[in-house]
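Analysis of the macromolecular model
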Amino acid sequence: MAGMTKGVLLPVITPFVGGKVDIETYKKLLVYYLGKGIHGIIPLGTTGESPTIEEDEYNQIVEATIDVAKDMVPIYVGVSSNSTRKAIHQIENLNLYNISGYLVTSPYYNMPSQQGIFEHFAKLADATDKQILIYNIPYRTGRNVENETILRLSKIPNIVGIKDSCGIVSQSIELLRDRDPQFAIFTGEDMLFYFNIVSGGNGGILASAHIQTDRFIRVWESVQQIDLKTALLEWHKLTRMIPLLFTEPNPAPIKYILAKKGIIASAELRPPMGTISEGLRIELDRFIIDEAI
């Protein structure tokens, strides 16, 4: 855990053009966010539309991430499967790469017991010497990873932290209270970022940090400097933006803003993801204008 990062980690989007992964734009995107001071990169998370990525594209994205970000920030590659055997195969393939580790979702759809969830992560941990971050997002997977299970998993040496998107504030509070200090807790609930870091958490893995990245970094740095007045001022500005980015399914609103700003070439998504509604487009255009003032 000595090398575990803290701060704002970015689950980076995957840009597409004409149905294909736009690797050159992806690399430029990484350079852009590294220049903003982001503390870690998560390629191929669900914000990166990983369920729609083909195997050859998956490796290309990992290799592009390493080309740009290696030795600069930690890289945790998204791994997601409701089959333990398939997830192990995915990790064994990725073990060849120079990455920090994996952000692993709890098995989705088949709704295993807490013991089944424990064994899934334990077997994945046994398949690698790299670090594993648990990703608990029950409103997507159908099953909450309960704190008792998380605390059991935290005793496995290379399961080093969690992206906590449980959606239950009391559970998040209790986990921050009861965890081993060496077990990292990142919030994946963007609106709980400030709460996490002032409560002793390790930061956030935040899709919304694609937009106004500097402000997220200032909130983090101000809290570390115990300048809570500045942190709260910056945070209040972000709380007006964050809900807007999740009005419709992520990452569609984020991609729209990035394309409008010329940071990516296209707001294209892969089916079944679709473009944003006209109503949200009007709201986001207004936000972009206000942001520039």
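The structure displayed is predicted, hence computed values, not measured ones.

Scoring rules and cut-offs
Residues numbered from 1 in each chain as written. Predicted model: local features only at pLDDT ≥ 70, side-chain atom pairs only at ≥ 80, totals over all residues. Heavy atoms only, no water. Axes fitted to C-alpha atoms, helices over the stretch in contact; angles between N-to-C directions. Helix = DSSP H or I, 4+ residues; strand = E, 2+ residues; numbered from the N terminus. Parallel < 35°, antiparallel > 145°, perpendicular 65-115°, else oblique. Left-handed = near helix turned anticlockwise from the far one by under 90°. Contact = heavy atoms within 4.5 Å. Nonpolar A, V, L, I, M, F, W, Y, C, P; charged D, E, K, R; others polar. Salt bridge = Lys/Arg side-chain N within 4 Å of Asp/Glu carboxyl O. Buried < 20%, exposed > 50% of the residue type's maximum accessible area, 1.4 Å probe, protein only. Pairing = 2+ DSSP bridges.

Right, let's talk about the packing of helix α9 (residues 213-224) against helix α10 (residues 228-245) for a bit. Between α9 and α10, the least distance of the axes is 8 Å, while the angle of their chain directions is 150°. By the angle class used here, α9 and α10 are roughly antiparallel. Viewed along their axes, α9 and α10 form a crossing whose handedness is left-handed. The residues of α10 that touch α9, namely those facing Arg-215, Phe-216, Arg-218, Val-219, Ser-222 and Val-223, are Leu-228, Thr-230, Ala-231, Glu-234, Trp-235, Lys-237, Leu-238, Met-241 and Ile-242. In the contact of α9 with α10, the residues fall into 9 nonpolar, 2 polar and 4 charged.

What follows concerns the pattern of salt bridges. The full count for this structure, using the stated rule, is 10 salt bridges. Between Lys-27 and Asp-67 there is a salt bridge, with its nearest N and O atoms 3.8 Å apart. Of this pair, Lys-27 sits in helix α1 (residues 23-35) while Asp-67 sits in helix α2 (residues 55-69), and the two are 40 residues apart along the sequence. Ionic pairing is found between Lys-255 and Glu-49, a salt bridge with its closest N-O pair at 2.6 Å. Remark: Glu-49 occurs in the loop between β4 (40-42) and α2 and Lys-255 occurs in helix α11 (residues 252-260); sequence separation between them is 206 residues. Both residues of the pair, Lys-255 and Glu-49, count as buried. One salt-bridge network, held together by shared partners, links Arg-215, Arg-218 and Glu-234.

With that settled, the discussion passes to the sheet that holds strand β6 (residues 101-105). Here we have 8 strands laid out as an open sheet, ordered β4-β1-β10-β9-β8-β7-β6-β5, and parallel in their pairing. The open sheet terminates on both sides in strands that have one partner only, identified here as β4 and β5 (76-79). Shown here is a sheet whose adjacent strand axes are inclined to one another by a mean of 25°, direction ignored. Alignment of strand β7 (residues 131-136) against strand β8 (residues 159-164), held across 5 bridges, turns out to be parallel. Opposite Tyr-135, over in β8, you have Lys-163 as the bridge partner.

Distances and angles like these do not, on their own, reveal function.
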